[in-house]
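# Structural overview
Read off the chains here:
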Amino acid sequence: MRYVSTRGGMEPAGFRDVLLEGLAPDGGLVVPSEWPTVAPATLARWGTLDYAGLAAEVLARFADPEDAPWLGELCRATYTAGRFGSAEVTPLATLEPGLHLLGLSNGPTLAFKDLAMQLLGALFEGELARRGEVLNVLGATSGDTGSAAEEALRGRAGIRVFMLSPWGRMSEFQRAQMYSVADANVFNIAVEGTFDDCQDIVKALGGDLAFKREHRLGAVNSINWARVCAQVVYYVRGYLAAAPRLGDEVDFCVPSGNFGNALAGWIARRIGVPIGRIAIATNENDVLDEFFRTARYRVRGAAQTLATSSPSMDISRASNFERFVFELLGRDPAALRALWSGPGAAAGFDLSGTPHAAALGRCGIVSGRSTHADRLATIRDQYARDGRILDPHTADGVKVARERRRPGVPMVALETALPAKFAVTIREALGFDPPRPAAFLGLEARPQRFVRVPAEAGSVREILLQHAALPA
Ligand SMILES: *Cc1c(COP(=O)(O)O)cnc(C)c1O
């Protein structure tokens, strides 16, 4: 399998070559040069595998044949009942006849990001050892991504993690979850500023190419191809669990932020899993809902991005969206460059009335939107029905899943986090705190490790100069 850039300016490369990378060298995103296909007989055989076995098979379709044993070994080490709470890894529950909930949040940090990030940690460690290299992961987080990354990379050979978070702006739970990671290769940096300040510092240091190369800086953000790829697995799994008969259509509904999760669903459909429609659910930050309804992509600035009660979806510029638009344009890098970097591109683009609008109509993705009031109503409604407590992001998905159901077609809503992470909103909806898994009792009382710095790149640069891992 070869990888190319959406912008057409990269020499084709292999899975392992692109594994550690973020953006392609030409500023685009890497995509497979062609899509693998999964025949019905293969899908039937996949139905007999456990999660790790299925993950190994799916990932092997996106890698080179000689990588398969290595991928199989890492999948078996990663997708265990011990780490994900059950042998099923992603159990399917039924909310009502024909409407299911795929549990993706039983990993170490209680959000679906663990499913890809845990594997990514193992892949990074293995690939760095093979190359004899080290990596200093520099990231910024407003909460969830940071803890998933730290949990996946802690204690890994050849990797150090420098995670910037906004001082005093996370929930007690999120703060304790990150700052209590005790491993010596994890450095929590509390920045006296906002999440945007943290991200600006990461951009400033990563944008200094000489510094970046010399200090082996890398990232684990949601554009990483292996992360997307690892997310395809649970769509196959969810399909196999929910389809009445193999070959029947199943629809999915996905709470969407950076469009990584939804893109993985589109890929599962593209390679031949009989997924009918993928409904994406946005919150009040509804750029993508607008796009899928109108074919108009109207970019909004940071100032117009609202802080909502489903904070992991407070995104106006979805970083994986370029991969989807590349497909919509018939994989034409010149057309993509024209949309993305042509005159007026900063404001967005309008595909309505163009031949691409027809492709949009056929792509299988539909959308919906959910507000704070919808979120509270959905949490209350589900609790009244069966005592189940949905996290606010999952509630956005369930709201849109109900609107988008088709007669006779099973709908699978994705559970992207457990409610324990978002106690304030659960209290507002239900009047009491969500239950906590046993491993998190007393979390806030554990010793915390972090350094506090002013919101300027210079102080973070100093920390990197002192603590970054050096090439052997
Ligand atoms: C990251 C996240 C999302 C959004 O997922 P994308 O892949 O960025 O679209 C939704 N819900 C939760 C709980 C998340 O942590």
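About the cut-offs
Residues numbered from 1 in each chain as written. Predicted model: local features only at pLDDT ≥ 70, side-chain atom pairs only at ≥ 80, totals over all residues. Heavy atoms only, no water. Helix = DSSP H or I, 4+ residues; strand = E, 2+ residues; numbered from the N terminus. Rg over C-alpha atoms; globule rule 2.2 N^0.38 Å. Buried < 20%, exposed > 50% of the residue type's maximum accessible area, 1.4 Å probe, protein only. Contact = heavy atoms within 4.5 Å. Areas by Shrake-Rupley, 256 points an atom, 1.4 Å probe, with all protein chains shown as cover. Lys, Arg positive; Asp, Glu negative; His and termini not counted. Charge placed at Lys NZ, Arg CZ, Asp CG, Glu CD. Salt bridge = Lys/Arg side-chain N within 4 Å of Asp/Glu carboxyl O. Core = buried A, V, L, I, M, F, W, Y, C linked by side-chain atoms within 4.5 Å. Pairing = 2+ DSSP bridges. Axes fitted to C-alpha atoms, helices over the stretch in contact; angles between N-to-C directions.

Here we come to the overall build of the protein chain. A tally of regular secondary structure across the protein chain gives 20 helices and 15 strands. For the protein chain, the C-alpha radius of gyration of 21 Å lies close to 23 Å, the compact-globule estimate for 472 residues. By principal-axis analysis of the C-alpha atoms, the protein chain measures approximately 60 × 55 × 45 Å. For the protein chain, the residues scored as buried account for 56% of the 472 residues in total. Restricting the contact set of the protein chain to residue pairs at least 6 apart, pairs at least 24 apart contribute 75%. Summed over all atoms, the accessible surface of the protein chain reaches about 18200 Å², with 52% contributed by carbon and sulfur. The averaged location of the 52 negative side-chain charges in the protein chain is 2 Å from the averaged location of its 51 positive side-chain charges.

What follows concerns the pattern of salt bridges. For the coordinates displayed, the defined rule picks out 35 salt bridges. Glu127 is the salt-bridge partner of Arg130, the closest N and O atoms lying 2.9 Å from each other. Of the two residues, Arg130 and Glu127 both sit in helix H6 (residues 113-131), three residues apart, roughly one turn of that helix. A residue is classified by how much of its surface remains accessible, and Arg130, at 52% relative accessible area, is exposed. For Glu290, the salt bridge identified is with Arg298, shortest N-O distance 2.7 Å. Under the relative-accessibility criterion, Glu290 is labelled buried at 17%.

To continue, consider the nonpolar core. One finds Tyr79, Trp225, Phe259, Ile267, Phe291, Phe321 and Phe324 to be the most contacted residues of the largest nonpolar core, which totals 110 residues. Setting aside chain neighbours within four positions, we find Phe321 in contact with Asn258, Phe259, Leu288, Phe291, Tyr297, Trp340 and Phe349. Core analysis: the next-biggest nonpolar cluster, separate from the first, contains 20 residues, Leu376, Ile389, Val398 and Ala401 among them.

What follows covers the pairing of strand S14 (residues 411-415). Of all five residues making up S14, five are buried, and the element is well covered by its neighbours. Side chains Met411, Ala413 and Glu415 of S14 all project onto a buried face; the interleaved residues Val412 and Leu414 project onto the opposite face, where all are buried too. One ladder, built from three bridges, connects strand S9 (residues 250-255) with S14; its direction is parallel. In the sheet register, Asp251 faces S14, and the bridge partner there is Met411.

Turning our attention to the sheet that holds strand S13 (residues 365-369). Spatial strand order, S3-S4-S14-S9-S10-S13: six strands in an open sheet with mixed pairing. In this open sheet, the two strands that pair with only one neighbour each are strand S3 (92-96) and S13. Neighbour-to-neighbour, the strand axes of this sheet turn through a mean angle of 25°, independent of strand direction. Summarising the sheet, strand S4 (residues 99-103) and S14 pair through five bridges and their orientation is parallel. Residue pairing for S14: Leu99 is matched across the bridge by Met411. Helix-sheet contacts for helix H12 (residues 260-270) involve S9, strand S10 (275-282), S13 and S14, and the interaxial angle to S10 is about 170°.

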